[in-house]
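# Examination of the molecular architecture
Each chain is listed here by its residues.
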Amino acid sequence: MVADGMSPGVLPLAEQFSERVRSKGLLWQALLNDPKTTRGWMDMASLDSLVTDSSSASSSWGSGSRIFNGWVNMLPDGTKLTPIASVARDKGKRIGLVTTATVTHATPAGFAAVQRNRDDEHLIAEQYRGAVDVILGGGRKFFDPASRADKRDLIDDYRQQGYQILSSLSDLAEANSAKTKQARLLGLFSDGHMPYVIDEAPDHRAPSLAEMARAAVENLRNSPRGFLLQIEGARVDHAAHANDAAALLREQLEFDDAIETVLQFAVKSPETLVVITSDHGNSNPGLVGMGHEYTESTRSFERVLLAKSSFYAISPLLGGKTEYTMATAPREKGRPKPTADQVRAIMLRHLGLAVDSDEVEAIRNAMAGLKQVSVNHQLDALSGVLGQVAGNHTGIFWTGSTHTSDYTLFTALGPGSEKFRGLMRNTDVFPLLSGLMDSNFLNPRMDPVKAKAYMKESLAGRVRIRPDWA
Ligand SMILES: [Zn+2]
């Protein structure tokens, strides 16, 4: 289970948020004190950077080899690596991928696909057919002939191969109650990523991560030789890129609900190993000391509960195209500014924050693509500015808008969990998992010094800026 882009400091923030929103703490936090679990930290560096992206991170678990950021299970010289799903499949196990991102996104792909460029999701979509039994998440556009450049109908291809196709919460519930749980499932519940939890209308929503996790476990549990399932809370990462604390904390609770679902199964099936972790930090949010003797910090933090919308949802209301105004996108100059009254009303209605005139001006300038007084270049885009404005009121501030090199926290329970402890390296995971499946298969690795020769070529192939949140 992967909370994508969860900085270590998110866990205590989410614990406090959980106490206030649902009158109980995080299950993940409680597990840290459970003597049946083991825990530690993991060094997630990639082959070309101390800071990993999600495809390289997931590939390091999925192949046992460090690779370049942006690649999926492939060494810099083009050598294709065998992903963990193939190893498990050879041992007769069924495979599942569940995510709140597109199902072809970097983290699920790292367990089951091989691709030079993680952005070629239409090609990754072709690779799961027959290789992954349960696929649940977003990303219909990569399967749908109407949106694929080659007009191929992958949905029909999957159907022909015996997959049951699901597209709504009621489809998922039906598949869950069906007697034939051995059917393969392809559930595509949105065109792109699944919506942020904070933006969803309760009466008209997509399946939650916990609901998808339950359907996957119910489907896979009858496999006579067991299963390998990856469950990703993907949008924790996207909210961190956007410096959006409220959206992030809601996603973290969603992930915690999925942990509960998985543990309910694991308690009844004690032969199951469960590993809960993150693939990298992201923008490292933290609650800072506010007011005299920091006595304002707690009250400030509680203002996060007032937010009803994500920054992603607010951005178009301020007059911008969402994809051009969020973090990691280039500043777009010359866009008309919203009026001060508009900004004030939107911030109050959607975030519950009464912003002052300096903050209003900063947001208006960000919309117009003007340079801010901030010295931190990463925080110059709209989401960075919204994050800083919100931070003035909530006390939560960010280091930037991209991934960080922090060690990630992991917690494990079940057979083999005793091997997950201390300070581990991401490449240790593959031999541990394949060993537990009675395989001694190892992929080739590339020495970082040798890899340097390929770095220039690799960068040349990745000039476009990827909108991580899109
Ligand atoms: Zn990311």
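What comes next is a walk through the structure. (Residues numbered from 1 in each chain as written. Predicted model: local features only at pLDDT ≥ 70, side-chain atom pairs only at ≥ 80, totals over all residues. Heavy atoms only, no water.)

## What about the environment of R225?
Basically, it comes down to this: Runs of E in the DSSP output that reach at least two residues are strands. Runs of H or I that reach at least four are helices, and both are numbered from the N terminus. Two residues form a contact once any of their heavy atoms are found within 4.5 Å.
Mapping R225 onto the fold places it in the loop between helix 9 (209–220) and strand 7 (227–233). Residues R225 and A14, 211 residues apart in the sequence, show an inter-C-alpha distance of 36 Å. Setting aside residues up to four positions removed in sequence, R225 forms contacts with K91, G92 and K93.

## Notes on the layout of surface pockets
Threshold: Cavity: a set of points on a 1 Å grid over the protein atoms alone where a 1.4 Å probe fits but cannot get out. Pocket: an open set with protein on both sides within 12 Å along at least five of seven lines, its lining residues, like those of a cavity, having an atom within 4 Å of a point. Grid points are joined across faces, edges and corners, and a volume is the space filled by probe spheres set on the points. Side-chain classes are defined by residue name, with Ala, Val, Leu, Ile, Met, Phe, Trp, Tyr, Cys and Pro counting as nonpolar, Asp, Glu, Lys and Arg as charged, and the others, Gly among them, as polar.
Volume-wise, the largest pocket comes out at about 920 Å³. F227, L228, T272, L273 and V274 are, among the 32 residues lining the largest pocket, the residues nearest its centre. Of all the secondary-structure elements, those providing two or more residues to the lining of the largest pocket are strand 7, helix 11 (245–268), strand 8 (274–277) and helix 18 (429–436). No other element matches strand 7, which puts 5 residues into the lining of the largest pocket. In terms of residue class, the lining of the largest pocket is built from 22 nonpolar, 6 polar and 4 charged.

## Section: the nonpolar core
Applicable threshold: In these notes, a set of buried Ala, Val, Leu, Ile, Met, Phe, Trp, Tyr and Cys residues joined through side-chain atoms within 4.5 Å is what counts as a nonpolar core. Only protein chains enter the accessibility calculation, which uses a 1.4 Å probe; a residue is then buried when its area is under 20% of its type maximum, exposed when over 50%, and partly exposed in between.
If you look at the biggest cluster of nonpolar residues, it comprises 76 residues, and the most contacted ones within it are M1, W28, L136 and I363. Looking at which element gives the most residues to this core, the answer is helix 11, with 13 residues. Aside from chain neighbours lying at most four places away, what touches W28 is A3, M6, L11, Q252, F255, D256, I259, I276, T277, S278, L409 and T411.

## Some thoughts on the pattern of salt bridges
Stated precisely, the cut-off is as follows: Should a side-chain nitrogen of Lys or Arg be within 4 Å of a carboxyl oxygen of Asp or Glu, the pair is scored as a salt bridge.
Across all of its chains, the model carries 20 salt bridges by this definition. Here D43 ties to R66 by a salt bridge, and the two come within 3.5 Å at their closest N and O atoms. With D43 in strand 2 (residues 38–43) and R66 in the loop between helix 3 (54–63) and helix 4 (84–90), this pair connects stretches of sequence that are 23 residues apart. D191 is the salt-bridge partner of R140, the closest N and O atoms lying 3.9 Å from each other. In this pair, R140 sits in the loop between strand 4 (134–138) and helix 7 (154–160) while D191 sits in the loop between strand 6 (184–188) and helix 9, placing the two residues 51 residues apart along the sequence. Looking at D191, the relative accessible area reads 39%, which means it is partly exposed.

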